[in-house]
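Given next are the chains, with one letter for each unit.
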Amino acid sequence: MAGYKPVAIQTYPILGEKITQDTLYWNNYKTPVQIKEFGAVSKVDFSPQPPYNYAVTASSRIHIYGRYSQEPIKTFSRFKDTAYCATFRQDGRLLVAGSEDGGVQLFDISGRAPLRQFEGHTKAVHTVDFTADKYHVVSGADDYTVKLWDIPNSKEILTFKEHSDYVRCGCASKLNPDLFITGSYDHTVKMFDARTNTSVLSVEHGQPVESVLLFPSGGLLVSAGGRYVKVWDMLKGGQLLVSLKNHHKTVTCLCLSSSGQRLLSGSLDRKVKVYSTTSYKVVHSFDYAASILSLALAHEDETIVVGMTNGILSVKHRKSEAKKESLPRRRRPAYRTFIKGKNYMKQRDDILINRPAKKHLELYDRDLKHFRISKALDRVLDPTCTTKTPEITVSIIKELNRRGVLANALAGRDEKEISHVLNFLIRHLSQPRFAPVLINAAEIIIDIYLPVIGQSPVVDKKFLLLQGLVEKEIDYQRELLETLGMMDMLFATMRRKEGTSVLEHTSDGFPENKKIES
């Protein structure tokens, strides 16, 4: 028994999993903090200045949260009806909000009562933003109009009536105080110039536009509506650069990372997609529990906030770099300890003896060494092992099958023990890397426990589910073999030679090999 060889744990690479720099970067967030709001979270906006607080618009209230606080540090609730949007000014001191009654209100962050009230829209205001000069506000509403307001005088400067449906999104240029963009349910995105009193550019999105985003340079415009995210080149007169269709439902919000190298989109399919702004390919994806209405990123991407239809606000903070703890300095051996025997010269008759390193067997290897096969299987079916290292469980099952004792290890189990086995098989049977080993184990279990089916409702339910999975997996394997046979026939046909060689006798009597074209 001294020559027992431990079980070799095979590595089963996860198919399709590819670790990239984006995967490491966007996975480096802590467990999300969930905050319950009073209604669907329609808008989230971060202050561009420290301490980078963010405004959350939900129901008839606007809450201001500190970046790391779970309770609002300030609440604006003086609205006659539902508030739909709120945006910080560039200096972070003022906040402009639009509500369902058609009002546009301007708030000072340090106060509670509105500083200014702009009245002119007749229906709900869904988009507001400050222009680049900080002294004007742009608003768009369901009355099909876009208005430009003067903050010092609290007056309306311009009104644009070029949209033929609800204006649901918009943004102002960060460079030019006279340019701003709006998107409407009439499927168009328009750029307006305050100096011309009319739109200077219009592009057709093809779907009701839910969100627009202008790159900081002003050269690229992104529009979202339906299942599409489209990128337009503004310097080429609104030429379509790329149309992305990576969501399964309507895209509701857009956001740009701090570096401008990544574009984020949120959708009603409960996913946030991250695109590269160079290749416009999806480099990462986040999953959420409900449909997404709003999305925002903090400075340096330190915090990502997502608002959902069920009123839940999901806040993820980036993990801080681990600081090395200073351990108490231990007293080290004296210098003479290290140089002891350094200059010793090996003599002719000396024999060098190396002390072999002692190898410790794992607990399941000890059980296998002493032929405790059922106990070895029980150890690797522990939930801790099956969750973290399912490869070990599969390797032990494979080893028991190789020894021909897998049926003995699986037999004679009570309801609790067989439930552990069935749970593991149901969870991992459909994975291609484990399927060859686990299908055999599932067939053995079905043969052993089929006669006693009906004695436990819990086991019966899992047993029937396992049986269905095995049949489904076998059908998949059969279809794959049929497909492989078809491909072999196609490859054989492609390799067929174009001509056939035959032997013919020449005039001098010697045979000659000639090719006849088919």
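Residues numbered from 1 in each chain as written. Predicted model: local features only at pLDDT ≥ 70, side-chain atom pairs only at ≥ 80, totals over all residues. Heavy atoms only, no water.

The test is simple: UniProt positions are given in the numbering used here, feature names are shortened, and annotations may be inferred rather than shown by experiment.
As recorded in an unreviewed UniProt entry, the chain goes by the name U3 small nucleolar RNA-associated protein 15 homolog, listed as coming from Macaca nemestrina. What UniProt records for the chain under Subcellular location (unreviewed entry) is the sentence "Nucleus, Nucleolus".

Quick look at the overall build of the chain
Let me state the cut-off plainly: Only DSSP runs of H or I covering at least 4 residues are called helices, and only runs of E covering at least 2 are called strands; the numbering of each starts at the N terminus. Computation of the radius of gyration draws on C-alpha atoms, with the globule rule given as 2.2 Å multiplied by the number of residues to the power 0.38. Throughout, a residue-residue contact means that at least one pair of heavy atoms, one from each residue, lies within 4.5 Å. For the accessible areas, the method is Shrake-Rupley and the probe is 1.4 Å, while residue cover comes only from the protein chains on display.
Along the chain, the regular secondary structure elements total 10 helices and 30 strands. Against the compact-globule benchmark of 24 Å for 518 residues, the chain has a radius of gyration of 35 Å, which places it well outside the compact range. Reported as C-alpha extents along the three principal axes, the dimensions of the chain are approximately 100 × 100 × 75 Å. Taking contacts inside the chain between residues at least 6 apart in sequence as the whole, the part at least 24 apart equals 44%. Accessible surface for the chain amounts to roughly 30300 Å². Of this, 52% is attributable to carbon and sulfur atoms.

Describing the UniProt feature "domain: U3 small nucleolar RNA-associated protein 15 C-terminal" (unreviewed entry) in the chain
Following the UniProt record, one finds the feature "domain: U3 small nucleolar RNA-associated protein 15 C-terminal" (unreviewed entry) at residues 343-490. Structurally, residues 343-490 comprises 70% helix and 0% strand, and the distance from its first C-alpha atom to its last is 73 Å.

As for the side chain of R89
Short version of the rule: A 3.5 Å cut-off defines polar contacts: any pair of N or O atoms within that distance qualifies, except that in protein one atom must be a possible hydrogen donor and the other a possible acceptor, and neighbouring residues in sequence count only when both atoms are side-chain atoms.
Topologically, R89 is positioned in the loop between β6 (83-88) and β7 (94-99). Here K134 takes part through its backbone oxygen, which lies 3.2 Å from a polar atom of the side chain of R89. With sequence-adjacent residues up to four places away left out, R89 is seen in contact with P48, L94, F130 and K134.

Here we look at the packing of helix α9 (residues 435-449) against helix α10 (residues 457-494)
Note the cut-off: For helices, the axis comes from a line fit to the C-alpha atoms of the stretch in contact; other axes are also lines fit to C-alpha atoms, and the angle between any two N-to-C directions lies between 0 and 180 degrees. Each angle is binned into one of four classes, with values under 35 degrees roughly parallel, values over 145 roughly antiparallel, values of 65 to 115 roughly perpendicular, and all other values oblique. Left-handed describes a crossing in which the near helix is turned anticlockwise from the far one by less than a right angle; the clockwise case is right-handed. We call Asp, Glu, Lys and Arg charged. Ala, Val, Leu, Ile, Met, Phe, Trp, Tyr, Cys and Pro are nonpolar, and the rest, Gly among them, are polar.
α10 packs onto α9 with a crossing angle of 135 degrees between their chain directions and a minimal axis gap of 10 Å. Between α9 and α10, the crossing angle belongs to the class labelled oblique. Along this stretch, α9 crosses α10, giving a crossing that reads as left-handed. Contact residues: α9 offers A435, I439, A442, E443, I445, I446 and Y449, while α10 offers F463, L466, Q467, V470, E473, I474 and Q477. Residues belonging to the contact of α9 with α10 are distributed by class as follows: 10 nonpolar, two polar and two charged.

Observations concerning a negative patch on the surface
Going by this rule: Within this analysis, patches are made of residues with over 30% relative accessible area and no salt bridge. Like charges are joined at 9 Å or less; nonpolar side chains (Val, Leu, Ile, Met, Phe, Trp, Tyr) at 5 Å or less. By convention in these notes, a salt bridge is any Lys or Arg side-chain nitrogen within 4 Å of a carboxyl oxygen on Asp or Glu. Only four residue types enter the tally: Lys and Arg on the positive side, Asp and Glu on the negative side, with His and both chain ends excluded. Lysine's charge is taken at NZ, arginine's at CZ, aspartate's at CG and glutamate's at CD. Only protein chains enter the accessibility calculation, which uses a 1.4 Å probe. A residue is then buried if its area is under 20% of the maximum for its type, exposed if over 50%, and partly exposed in between.
Taken together, the side chains of D81, E100, D101 and E119 make up a negatively charged region of the molecular surface. With respect to the helices and strands, E119 occurs in strand β9 (residues 114-119). Judged by its relative accessible area of 63%, E119 is exposed.

Observations concerning the domain arrangement of the chain
So the rule is basically this: An automatic or database domain assignment is the source of the domain bounds shown.
Assigned domains within the chain: domain 1 (21-317) and domain 2 (363-473). Look at where the C-alpha atoms of domain 1 and domain 2 centre, and you get two points 52 Å apart.

Some details on the UniProt feature "repeat: WD" (unreviewed entry) in the chain
Per the UniProt annotation, the sites labelled "repeat: WD" (unreviewed entry) are residues 118-159 and 244-285. Secondary structure content for residues 118-159 is 0% helix and 57% strand, and the end C-alpha separation is 13 Å. As annotated, residues 244-285 has a helix share of 0% and a strand share of 55%, and its two end C-alpha atoms lie 15 Å apart.

Remarks on the packing of aromatic side chains
For the record, the criterion: The criterion for an aromatic pair is that two Phe, Tyr or Trp rings (for Trp, the six-membered ring) have centres within 6.5 Å, with stacked assigned to planes under 30 degrees apart, edge-to-face to planes over 60 apart and tilted to the rest. Put simply, a charge is over a ring when the Lys NZ or the Arg CZ is close to the ring centre, within 6 Å, and near the line of the ring normal, within 35 degrees.
Within this structure, the stated rule accounts for 13 aromatic pairs. The ring of F38 has R61 lying over it, and the distance from NZ or CZ to the ring centre is 4.2 Å. Lying over the aromatic face of Y228, K230 brings its terminal NZ or CZ to 5.5 Å of the ring centre.

Topic: the sheet that holds strand β8 (residues 103-108)
We count it as follows: Two strands are counted as paired when DSSP detects at least two bridges linking them.
The strand order β6-β7-β8-β9 describes an open sheet built from four strands, whose pairing is antiparallel. Strand pairing shows two members of the sheet lacking a second neighbour, β6 and β9, which therefore form its edges. Averaged over neighbouring strand pairs, the angle between their axes works out to 20 degrees when direction is ignored. The pairing of β7 with β8 spans five bridges and is antiparallel. What sits directly across from L95, in β8, is F107.

Considering the pattern of salt bridges
Tallying each qualifying case throughout the model produces 14 salt bridges. The salt bridge involving D91 is made with R89; its shortest N-O contact spans 2.7 Å. Of the two residues, D91 and R89, neither departs from the other in class, the shared state being buried. R372 serves as the salt-bridge partner of D367, at 3.0 Å between the closest nitrogen and oxygen. Members of the salt-bridge network, linked through shared partners, are D178, D193 and R195.

Observations regarding a nonpolar patch on the surface
On the surface, M487, L490, F491 and M494 cluster together to form a nonpolar patch covering roughly 440 Å² of accessible area. Inspection of the secondary structure assignment puts M494 in helix α10.

Notes on the state of the cysteines
The condition that has to hold: Throughout, disulfides are identified as pairs of cysteine sulfur atoms within 2.5 Å of each other.
Scanning all chains against the criterion turns up zero disulfides. In this structure C85 is a free cysteine whose sulfur lies 11 Å from that of C169, the closest cysteine sulfur available. Judged by relative accessible area, C85 falls into the buried class, the value being 3%. For the unlinked cysteine C253, the closest cysteine sulfur is that of C255, found at 8.3 Å.

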